[in-house]
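# Descriptive structure summary
Here is what each chain is made of, one letter per residue.
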Amino acid sequence: RKEVEQDPGPFNVPEGATVAFNCTYSNSASQSFFWYRQDCRKEPKLLMSVYSSGNEDGRFTAQLNRASQYISLLIRDSKLSDSATYLCAVNYPGEPLVFGKGTRLSVIA
Amino acid sequence: DARVTQTPRHKVTEMGQEVTMRCQPILGHNTVFWYRQTMMQGLELLAYFRNRAPLDDSGMPKDRFSAEMPDATLATLKIQPSEPRDSAVYFCASAQGGGQPQHFGDGTRLSIL
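Residues numbered from 1 in each chain as written. Chains lettered and ligands numbered in written order. Predicted model: local features only at pLDDT ≥ 70, side-chain atom pairs only at ≥ 80, totals over all residues. Heavy atoms only, no water.

## Let's talk about the environment of Glu56(A)
Residue and element names in this part refer to chain A. Positionally, Glu-56 belongs in strand 6 (residues 55–57). Accessibility expressed as a relative area gives 57% for Glu-56, which makes it exposed. When sequence neighbours within four positions are dropped, the list of residues in contact with Glu-56 reads Met-48, Thr-61 and Arg-76. (Helix = DSSP H or I, 4+ residues; strand = E, 2+ residues; numbered from the N terminus. Buried < 20%, exposed > 50% of the residue type's maximum accessible area, 1.4 Å probe, protein only. Contact = heavy atoms within 4.5 Å.)

In structure tokens, the structure reads:
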């Protein structure tokens, strides 16, 4: 299978900090990109899609860098409730989404 | 909010027993996926269907696992006989098509003793 790589972390950050994760993918023909959030003992939930022009939703910004084949997720003003594992997902042509193993984030008071 | 529904939520059984997990995809989604998640392996794709036809089950141990989609509202994943190494969380997900985001059910937490 095609690979999607993420730093497993954990990223331990104080409340209010800005934190960013990257996710690299191996096929330049990839067409769709997503970030998911997974809480402990819960299912992955779609956080946001990643468009070529970037995507912002409140404190969350996702970007795509096709030249370097990675996507990023930036979280501003971190909240305790942002603590979770963040998985990226990449669509390779003709195949279902390939998920990374996730980056664990802990926001500390 | 439309959701993927999985049953049972939890299952504890002895090795050698048959286990059947069920999934109702979101209405209108034509692609259904089965995943297994463990702490060590992350999300592993076991099998997926499009328009009820199996497209890929290469991630599944063929000797003991089987996946079917008897109709558009039901997907099943069966393990027979079960083994302790099958203990994991099994997720079902559905999507409107290739390249579309997948939506996950709550999962079945399976423990084989």
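From this point, the discussion proceeds with the structure in view.
## Describing the pairing of strand 3 (residues 19–24) of chain B
Every other side chain in a regular strand lies on the same face of the sheet, so the side chains alternate between the two faces. Residues and elements named next belong to chain B. Only one face of strand 3 is buried, namely the one carrying Val-19, Met-21 and Cys-23, since none of Thr-20, Arg-22 and Gln-24 on the opposite face is buried. As paired strands, strand 1 (residues 5–7) and strand 3 are joined by three bridges and run antiparallel to one another. Across the sheet, residue Thr-5 finds its bridge partner in strand 3, namely Gln-24. (Pairing = 2+ DSSP bridges.)

## Brief notes about the state of the cysteines
A full pass over the atoms with the stated rule returns two disulfides over all chains. Between the sulfur atoms of Cys23(A) and its disulfide mate Cys88(A) the distance is 1.9 Å. Across the disulfide from Cys23(A) to Cys88(A), rotation about the S-S bond amounts to roughly 65 degrees, and the bridge is consequently right-handed. Placement of the pair is Cys23(A) in strand 3 (residues 19–25) and Cys88(A) in strand 9 (residues 84–91), with a sequence separation of 65 residues. With respect to burial, Cys23(A) and Cys88(A) carry one shared label: buried. The side chain of Cys23(B) participates in a disulfide bridge whose partner is Cys92(B); the two sulfur atoms lie 1.9 Å from each other. Taking the sign of the torsion about the S-S bond as the criterion, the disulfide between Cys23(B) and Cys92(B), at about -60 degrees, is left-handed. (Disulfide = S-S within 2.5 Å.)

## Focus: the interface of chain B and chain A
Tallying the contact residues gives 20 residues for chain B and 17 residues for chain A. Here chain B and chain A share an interface that buries about 1500 Å² over both sides, 56% of which is from carbon and sulfur atoms. One can count one salt bridge joining chain B with chain A. Arg3(B) serves as the salt-bridge partner of Glu43(A), at 3.5 Å between the closest nitrogen and oxygen. Counting every contact that joins chain B to chain A gives three residue pairs in polar contact (both at pLDDT 80 or more). When contributions to the side of chain B that touches chain A are tallied by element, the ones reaching two or more residues are strand 4 (31–38), strand 5 (42–50) and strand 10 (103–104) of chain B. Each residue belonging to the side of chain B that touches chain A can be placed in one class, and the counts come to nine nonpolar, seven polar and four charged. (Buried area = accessible area lost by both parts, 1.4 Å probe. Salt bridge = Lys/Arg side-chain N within 4 Å of Asp/Glu carboxyl O. Polar contact = N/O pair within 3.5 Å; in protein donor to acceptor, adjacent residues only side chain to side chain. Nonpolar A, V, L, I, M, F, W, Y, C, P; charged D, E, K, R; others polar.)

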